[in-house]
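# A closer look at the structure
These are the residues of each chain, in order.
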Amino acid sequence: MGVYISQRLAQTVPTLFLITGIVFLVVYFIPGDPAAVILGQGATPDAVASVRQQMGLDDPLPVRYGVWLRHVLAGDLGESSISRQPVWTLLGRALPVTAYLAGFSLLIALLIAVPTGILAALKRNTWADVACTTWALLGVSIPGFWLGIQFVYLFGARLQWVPLQGYVGPRDDLGNSVRTMLLPALTLGVFLSGPLMRYLRGSVLQTLSQEYVTVARAKGLAERRVVLRHVLRNSLIPFVTVLGVQLGYLLGGAVVIETVFTLPGIGYLAVGAINDRDYPVVQGVVLVVATAFVLINILVDVVTSVLDPRIRAGRGAA
Amino acid sequence: MEASQSRALPVGLAAGNRRARRSGLRRAFAAAAAWKTFTLGLALLAVFAVGALFAPLVAPYDPAKPDFTAVRQPPGGDHPFGTDDKGRDIFSRVVHGTRVSFAIAVVSVALATAIGLPLGMVAGFFGGTIDAIASRAVDAMFAFPPILMAIAVMAIRGNGERSAMIAIGLIAIPEFARVSRSAMIAEKENDYVLAARAIGCSVPRIIFVGILRNTLGPVVVLISLGFAFAILNEAALSFLGLGAQPPTPSWGADIAASRRYIRDAPWLSIFPGLGIFFLVLALNLVGDGLRDLLDPRRDKR
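Quantities reported herein were computed from a predicted structural model and do not represent experimental measurements.

### Side note on the overall build of chain A
A tally of regular secondary structure across chain A gives 13 helices and 0 strands. If you list the helices and strands of chain A from N to C, you get α-α-α-α-α-α-α-α-α-α-α-α-α. Taken across its 318 residues, chain A has 36% of its residues classed as buried. Put simply, of all contacts in chain A between residues at least 6 apart along the chain, 68% involve residues at least 24 apart.

### Some words on the overall build of chain B
Helices and strands together make up the secondary structure of chain B, namely 12 helices and 0 strands. Listing each helix as α and each strand as β along chain B from the N terminus yields α-α-α-α-α-α-α-α-α-α-α-α. Classification of the 301 residues of chain B by burial places 47% in the buried group. If you take every contact in chain B between residues at least 6 apart in sequence, the share linking residues at least 24 apart comes to 69%.

### Some remarks on the confidence of the model for chain A
In the predicted model, chain A carries a mean pLDDT of 83, and the fraction of residues at 70 or more is 95%. No element of chain A has a lower mean pLDDT than helix H13 (residues 309-312) of chain A, which averages 67, and none a higher one than helix H5 (residues 87-122) of chain A, which averages 91.

### Here we look at unusual backbone geometry
Residue and element names in this part refer to chain A. Its identity as a non-glycine residue notwithstanding, Arg 84 has a phi of 60°, on the positive side. Relative to the assigned elements, Arg 84 resides in the loop between helix H4 (61-73) and H5. Overall, the presence of 8 C-beta atoms within 10 Å leaves Arg 84 in the exposed class. The backbone phi angle of Thr 262 is positive, close to 45°, even though this residue is not glycine. In this fold, Thr 262 is placed in the loop between helix H10 (223-261) and helix H11 (266-275). Note on Thr 262: 12 C-beta atoms within 10 Å, which makes it exposed.

### Some points on the packing of helix H3 (residues 90-126) of chain B against helix H6 (residues 161-187) of chain B
All names here are of chain B. The N-to-C vectors of H3 and H6 enclose an angle of 35°; their axes lie 5 Å apart at closest approach. Seen along the crossing, H3 lies across H6 with a hand that is right-handed. Of the residues belonging to the contact of H3 with H6, the class tally is 23 nonpolar, 8 polar and 3 charged.

### Examining the nonpolar core
Ala270(A), Val282(A), Ile151(B) and Ile231(B) are the most contacted members of the largest nonpolar core, which has 160 residues in total. Of all the elements, H3(B) adds the most residues to this core, at 16 residues. Those residues in contact with Ala270(A), other than ones at most four positions away along the chain, are Val255(A), Val282(A), Val285(A), Leu148(B) and Ile151(B).

### Observations concerning the interface of chain B and chain A
Counting residues at the interface gives 33 residues for chain B and 35 residues for chain A. Counting only elements with at least two residues in the side of chain B that touches chain A, the list comes to helix H4 (128-142), helix H5 (146-157), helix H9 (216-239) and helix H11 (267-294) of chain B.

### Concerning the environment of Ala128(A)
All names here are of chain A. Topologically, Ala 128 is positioned in helix H6 (residues 127-141). Of the residues examined, Ala 128 has 14 C-beta atoms within 10 Å and is grouped as partly exposed. A sequence separation of 146 residues divides Ala 128 from Ile 274, and the C-alpha atoms of the two residues are 46 Å apart.

### Here we look at H11(A)
Among the 10 residues of H11(A), 8 are classified as buried, and the element is accordingly described as predominantly covered. Regarding H11(A), the residues found buried are Ile266(A), Gly267(A), Tyr268(A), Leu269(A), Ala270(A), Val271(A), Ala273(A) and Ile274(A). Where H11(A) is buried, its residues meet H5, H10 and helix H12 (279-307) of chain A together with H5 of chain B. Positive backbone phi, approximately 55°, marks Arg277(A), located one or two places after H11(A).

### Concerning the confidence of the model for chain B
Residues and elements named next belong to chain B. Chain-level statistics for chain B give a pLDDT mean of 83 and a share of 89% at 70 or above. Averaged over each element, pLDDT in chain B is lowest for helix H12 (residues 297-300) (44) and highest for H3 (91). Of the regions scoring below 50 in pLDDT, residues 1-16 engages in 12 contacts with residues more than four places distant in sequence or in other chains. Predicted as a complex, the structure gets a pTM of 0.83 and an ipTM equal to 0.81.

### Regarding the packing of H6(B) against H9(B)
All names here are of chain B. In the contact formed by H6 and H9, the axes pass within 10 Å of each other and the chain directions differ by 155°. The angle between H6 and H9 places the two elements in the roughly antiparallel class. For H6 against H9, the interelement crossing comes out right-handed. Counted together, Ala 164, Ala 167, Ile 168, Ile 171, Ala 172, Phe 176, Val 179, Ser 180 and Ala 183 of H6 and Pro 218, Val 219, Leu 222, Gly 226, Phe 229, Ala 230, Asn 233, Glu 234 and Leu 237 of H9 form the full contact between these two elements.

### What to know about helix H1 (residues 2-29) of chain A
For H1(A), built from 28 residues, the straight-helix expectation of 40 Å at 1.5 Å per residue is met to within 8% by its first-to-last C-alpha distance of 41 Å. Bending of H1(A) peaks at approximately 25° at the position of Val13(A), with proline Pro14(A) no more than four residues after it. All of the buried residues in H1(A) are Thr12(A), Thr15(A), Ile19(A), Val23(A), Val26(A) and Val27(A). At its buried positions, H1(A) is contacted by H12 of chain A together with H4 and H5 of chain B.

### Some thoughts on the environment of Pro115(A)
All names here are of chain A. Along the chain, Pro 115 turns up in helix H5. A count of 13 C-beta atoms within 10 Å places Pro 115 in the partly exposed class. As a C-alpha pair, Pro 115 and Ser 50 span 65 residues in sequence and 62 Å in three-dimensional space.

Definitions and cut-offs
- Residues numbered from 1 in each chain as written.
- Chains lettered and ligands numbered in written order.
- Predicted model: local features only at pLDDT ≥ 70, side-chain atom pairs only at ≥ 80, totals over all residues.
- Helix = DSSP H or I, 4+ residues; strand = E, 2+ residues; numbered from the N terminus.
- Buried ≥ 20, exposed ≤ 12 C-beta atoms within 10 Å, placed from the backbone.
- Contact = placed C-beta atoms within 7 Å.
- pLDDT = per-residue confidence, 0-100.
- Axes fitted to C-alpha atoms, helices over the stretch in contact; angles between N-to-C directions.
- Left-handed = near helix turned anticlockwise from the far one by under 90°.
- Nonpolar A, V, L, I, M, F, W, Y, C, P; charged D, E, K, R; others polar.
- Core = buried A, V, L, I, M, F, W, Y, C linked by C-beta atoms within 7 Å.
- Parallel < 35°, antiparallel > 145°, perpendicular 65-115°, else oblique.
- Expected span 1.5 Å × (residues − 1).
- Bend = angle between axes of the 7 residues up to and from the residue.

Written out as structure tokens, the structure is:
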């Protein structure tokens with residue numbers, strides 16, 4: 001067990017290292033002078049030059065990367081070029097909003113995907129299966145931001161069930177908070193439910209064709225027990241792995257949905273920072289999101305290895 | 001599918017025969033369904049392709065020409081989809097928008113294929129250190145949410161259609177590399193690869209002529225689903241104001257512009273959105289249908 005986890009962590013080190021490299025290079029290649037951005041319009045060339053020197057912008061690329069990496073490893077992401085606030089402060093405010101949205105969406109997606117995925121597999125090639133797979137196909141074909149706008153029109157403007165936009169923190173007013181978050185989470189959840197449902201259906205179908213299922217049926221186990229004990233347990237393990245991977249799409253979707261609903265999460269922060277050419281914030285957001293994605297996927301692998309001893313033994317799930 | 005046929009046959013024969021016939025029937029049923037999915041998608045795709053190719057002929061109005069005497073007219077009469085906030089014909093804008101979406105998607109998918117496919121195939125073919133390095137690089141690329149990475153690339157290149165092509169192509173590379181790598185790993189153990197080596201074929205020839213031809217199925221599926229991914233991402237980037245710039249008709253940008261009128265003129269956003277939806281649906285249908293038609297597991301089961 002410990003060996004598996006340490007192996008998995010060791011594999012991650014080069015990946016995380018590459019991530020820092022990509023993040024650094026992306027920001028390096030953004031045109032424009034960060035020193036000029038900090039000083040604003042009307043700065044004298046001398047002032048720009050001295051700030052450039054102060055920031056180490058004239059050093060060679062590997063040196064700058066090394067300095068930056070040392071700061072990052074020490075937990076220092078720098079400060080915003082615009083508001084002068086530490087990047088961590090901005091992230092600390094934005095991350096909980098995105099985590100809230102992502103968690104709520106995931107809950108909705110699972111509430112849709114798990115029952116429909118299992119039903120579609122168990123009732124394969126019936127109308128129920130066709131209905132579920134059609135839903136999944138429609139779900140992945142709808143542009144999320146557009147669906148969000150239509151929801152705003154229908155439930156906000158016409159029916160007036162929920163506020164049109166804005167954000168209320170769950171600790172300020174839980175009822176209103178859930179009401180404002182419902183539409184964004186539903187929008188993302190519908191989109192996410194499609195691939196999840198498809199995957200679960202495939203996974204259950206594959207488990208159903210295993211010999212131990214035939215044995216369980218042959219020994220006279222009630223179908224209910226066969227499904228609950230043998231099929232679901234073994235189908236849900238690979239499904240959990242896929243959940244981790246889908247998280248990337250969930251976070252990407254959150255970027256756009258936050259803009260539609262003006263939620264002050266990391267997506268909103270990133271889009272704003274890019275428009276303002278606020279490089280340290282762009283760098284911080286992208287780095288933290290990518291690292292979180294990698295770490296969550298390790299966590300997922302560890303959880304599934306606890307659930308399924310075959311993974312630890314290196315034989316993979318059924 | 002639980003029909004019990006051939007009851008008159010001797011017991012032993014009946015069991016085998018029934019199984020064979022049932023799996024044959026199921027396979028035929030599945031193939032027919034896949035074929036239906038594929039042709040439906042292809043027909044829908046053809047409608048969009050014709051619209052994109054012959055946009056100036058199909059569209060009744062100039063998509064960029066304002067008409068301030070007919071602002072925000074509801075659908076019907078001279079304007080089947082209504083007019084927008086500048087009095088432009090929405091149907092004409094949706095038709096011309098197809099063109100922009102297609103152009104960006106074609107170039108970005110070509111880019112992703114040109115880089116991701118050889119990367120995955122070479123990594124899968126050689127294995128070992130090359131594979132380990134390529135796989136770590138692909139893992140690292142997967143860690144970035146696609147749209148966030150696309151936004152970052154747009155920041156480097158500046159807004160516009162050409163940058164969108166590059167950004168969307170780049171974010172699709174890891175998926176292209178991953179799929180072609182696993183297709184290669186499954187294929188390279190075949191005897192014909194060994195035979196090609198034995199008669200002295202060069203490695204590039206084995207990979208890009210021999211094996212590529214035999215993995216064309218998954219590659220075509222990948223391309224059609226990659227196309228759907230590109231259309232959705234292009235729409236999202238334009239929606240954020242980073243893609244095609246006004247007055248170019250663009251589905252995403254038109255939806256963004258329509259948000260101010262969501263209460264009084266919902267048709268401004270409905271029709272461009274339906275354009276995206278049906279085009280992506282068509283591509284998903286083609287991809288899914290092809291995958292089921294080409295799925296080798298169907299024969300083996």
